[in-house]
Amino acid sequence: MSLLKTIDPNPSFAPRENVVAPERLISGNPKLKTWAQDVASNETVHTGVWEATPGVSRSIKGETFEFCHILSGVVELTPDDGEPVIYRAGDSFVMKPGFVGIWKTIETVRKIYVTVTP
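- As recorded in an unreviewed UniProt entry, the protein chain goes by the name Cupin domain-containing protein, listed as coming from Rhizobium calliandrae.

What follows is the structure in structure tokens.
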């Protein structure tokens, strides 16, 4: 097993398609796609590419740490205890364990993600 993994931002294989869970959906009808590309450390670390069409939902991280790098699109994240922050292509951010807030996809977004769950 190689200890170096390249993440393909435009994977050629079919994604897993999903929608926002009804209890988290605020508005719109966002369609979600995930191209999982790596799992490590006893399945506690996941890496891949994720895409969402416009809509608004609750983001609840629980115990999960998530690093995101925006490849395309625009999102606005508003922590429950904070002000809105807009992220665009080229931006990176981290949602730490315990993050709760609003995820608003303004323009279809594609991101590279790394999640770590204990």
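Next comes the rest of the description.
**Some words on unusual backbone geometry**
Right, so step 1: Even without being a glycine, S41 presents a positive backbone phi close to 50°.
Right, so step 2: Tracing the chain through its elements places S41 in the loop between β3 (31-40) and β4 (45-52).
Right, so step 3: Unusually for a residue other than glycine, E43 sits at a positive phi of about 65°.
Right, so step 4: The exposed category is assigned to E43, whose relative accessible area is 61%.

**With respect to the nonpolar core**
Right, so step 1: Counting residues in each nonpolar core, the largest one holds 15 residues, and the members touching the most others are W50, V75, L77, F93, M95, W103 and V109.
Right, so step 2: The set of elements that each furnish at least two residues to this core consists of β4, β6 (65-79), β8 (92-95) and β9 (100-116).
Right, so step 3: Ranked by residues supplied to this core, first place goes to β6 with four residues.
Right, so step 4: If near-sequence neighbours (up to four positions away) are discounted, L77 is found in contact with E83, P84, V85, Y87, F93, M95, F99, I102 and W103.

**Digging into the side chain of Q37**
Right, so step 1: Residue position: Q37 is located in strand β3.
Right, so step 2: Relative accessible area serves as the criterion here: at 13%, Q37 is assigned to the buried category.
Right, so step 3: Here D8 takes part through its backbone nitrogen, which lies 2.8 Å from a polar atom of the side chain of Q37.
Right, so step 4: Filtering out sequence-adjacent residues up to four positions away, Q37 remains in contact with K5, T6, I7, D8, P11, F13, T47, G48 and V49.

Cut-offs applied
Residues numbered from 1 in each chain as written. Predicted model: local features only at pLDDT ≥ 70, side-chain atom pairs only at ≥ 80, totals over all residues. Heavy atoms only, no water. Helix = DSSP H or I, 4+ residues; strand = E, 2+ residues; numbered from the N terminus. Buried < 20%, exposed > 50% of the residue type's maximum accessible area, 1.4 Å probe, protein only. Core = buried A, V, L, I, M, F, W, Y, C linked by side-chain atoms within 4.5 Å. Contact = heavy atoms within 4.5 Å. Polar contact = N/O pair within 3.5 Å; in protein donor to acceptor, adjacent residues only side chain to side chain.

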